[in-house]
Amino acid sequence: MKKAIKGSYLFDSVEGFFKNDPIVFIEDDLITDVQFGEVEIDDDVEIIDLKGYTLLPGLIDAHDHLSLSPQLENHPALMNDPDPVLMLRAIQNMKIDLQKGITTSRCLGDKHFIDIYIRDAVEEGILEGPRIITCTRGIKTTHAHGAVGTIFNGVDEIRKAVRENLLFGADFLKIFITDTVRTSEFLPFYMSREEIRVVVQEAEATGKTVAAHVIGGEGLNICIEEGVPIIEHAYFASDEQIEKIKEHQLWVVLTPSIFFNETRWSTVPDSVAKKFRRNKDEVLDRYKAIINSGIKFAVGTDATHGQLDEDIVFLTSIGGKPESVLQGVTIFAAKVCEAEDKIGSIEKGKKADIVALRGKLEDDIRLIKKIEWVMKDGEVKVENFLPKF
């Protein structure tokens, strides 16, 4: 089926600016051409009239956990629930994400390979949801942070875990190095240099990449030195570490909602929420420093499902250039996923993942909260804010 989407504005995520009067041509699940202005359209092409709308590439949540459900009471403890329950929650969360324009989700750890089964079911058309790119089990040591992680200790055990993840179909590898909040001046780390190194070695041997949950301290220094290419969170990265990250051309995935979206911690005991609130000022300072440093960054919700738009607005409110933040949820996120040849921009040959909102986003980034039309793989999934699944 051939389609032509006629909009008023288009965000060119590759160039990082907006263009007027786009017409996007689609056949089946691929974009076949992008033109601008007055264009003759063949009679056999279905025209989708989105005049007055801004078109963007389908959004990419660069840090997600499918079955983690912050909308539920005491959600971290719920990660110990049986796998079938976790899978049902994941299916519901994916629908929430897709309805808000997230067409690809990069998953940073779920239990017992349920993310692999879900990823494959989405690809086979059994389930509705974003395209899934996943690390399968996040690797952590016994005493480490990470309710979504799986415990392994020592070089040999971790090497075996990595190989099992790859056998089951991991797209990349994830390790948990530090806590998430600061409780003292010292930031502990829970994986040795040798354990980190073996994960990097196994990834390099199989053409995969490594992402590390690491907020700062010596754990971040070791990750940089051992060649971990993607730093998740970086909440307490020092100025010196930021410079090292930039020098080594590493990626940082920013996940602000866990500190700055109050809905995130309304479902946990106040004693837990207070730890995050105490750190807000320092994290805000560090995120401003990262944004202003020129570091390459993508953006993720850390499972605050359906609220990637809130992260976009927040990051622009603290100094992020709107176009750069939008790149962080499109083409830059696609590069973190190592899928920039398929997703992340509205270009010929890419997947037909497109979202639309009424109005001129260039003039008001807050309009990102009003995505009302979503296409994934050439099929309209949301129209007039209403899901068609």
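Refer to the structure above for everything that follows.
As the structure is a prediction and not an experimental result, all values here were calculated from the model. Sequence order as written defines residue numbering, which begins from 1 separately in each chain. Confidence filtering applies because this is a predicted model: local features only for residues at pLDDT of at least 70, side-chain atom pairs given and counted only at 80 or more, and all residues used for totals across whole chains, interfaces and linings. Only hydrogens and water are removed before side-chain values are computed, so all heavy atoms of the structure are retained for them.

Please give an account of the packing of helix H3 (residues 154–168) against helix H4 (residues 193–206) that cites residues and values.
When two helices pack together, their arrangement is given by the angle between the helix axes and the distance between those axes. Axis angles are defined between N-to-C directions and span 0 to 180 degrees, where every axis is a line fitted to C-alpha atoms and, for a helix, only to the segment in contact. Secondary structure elements follow DSSP: runs of H or I of four or more residues count as helices, runs of E of two or more count as strands, with numbering from the N terminus. Close contact between H3 and H4 brings their axes to 9 Å; oriented N to C, the two are set at 30°. Relative to H4, the element H3 is oriented roughly parallel. In this structure, H3 crosses over H4, and the sense of that crossing is right-handed. Contacts between H3 and H4 pair Gly-154, Val-155, Ile-158, Arg-159, Val-162, Arg-163 and Leu-166 from the former with Glu-194, Glu-195, Val-198, Val-199, Gln-201, Glu-202 and Thr-206 from the latter. Gly is placed with the polar residues, together with every amino acid not listed as nonpolar (Ala, Val, Leu, Ile, Met, Phe, Trp, Tyr, Cys and Pro) or charged (Asp, Glu, Lys and Arg). Residue composition of the contact of H3 with H4, by class: six nonpolar, three polar and five charged. When describing relative orientation, an angle under 35 degrees is termed roughly parallel and one over 145 degrees roughly antiparallel, while 65 to 115 degrees is termed roughly perpendicular and anything else oblique. Handedness of a helix crossing follows the sense of rotation of the near helix relative to the far helix, less than a right angle counterclockwise being left-handed and clockwise being right-handed. Contacts are assigned to residue pairs that have any heavy atoms within 4.5 Å of one another.

Give me the lowdown on the packing of aromatic side chains, citing residues and values where you can.
Only Phe, Tyr and Trp rings are paired, with Trp represented by its six-membered ring, and only when their centres lie within 6.5 Å; those with planes under 30 degrees apart are stacked, over 60 edge-to-face, the remainder tilted. Scanning the entire structure with this criterion turns up nine aromatic pairs. Look at Phe-259 and Phe-260: their rings are 6.3 Å apart centre to centre, the planes differ by 50°, and that puts the pair in the tilted class. Burial here depends on accessible area, computed with a 1.4 Å probe over protein chains only, as a share of the maximum for the residue type. Under 20% is buried, over 50% is exposed, and the range in between is partly exposed. Note on Phe-259: relative accessible area 3%, which makes it buried. Centroid distance Phe-259 to Phe-276: 5.1 Å. Interplanar angle 55°. Geometry classified as tilted. Of this pair, Phe-259 sits in helix H7 (residues 257–260) while Phe-276 sits in helix H8 (residues 270–293); the two residues are 17 residues apart in sequence, bridging distant segments of the chain. Exposure remark for Phe-276: the relative accessible area of 8% places this residue in the buried category. Clustering of aromatic rings is evident, with ring pairs tying together Tyr-235, Phe-259, Phe-260, Trp-265, Phe-276, Tyr-287 and Phe-314. The rule for a charge over a ring is simple: NZ of Lys or CZ of Arg within 6 Å of the ring centre, and within 35 degrees of the ring normal. In this structure, Arg-182 is placed above the aromatic ring of Phe-236, and the distance from its NZ or CZ to the ring centre is 5.0 Å. Across the ring face of Trp-265, the terminal group of Arg-264 is positioned such that the distance to the ring centre comes to 5.7 Å.

Functional significance is not addressed by these values, which are geometric in nature.
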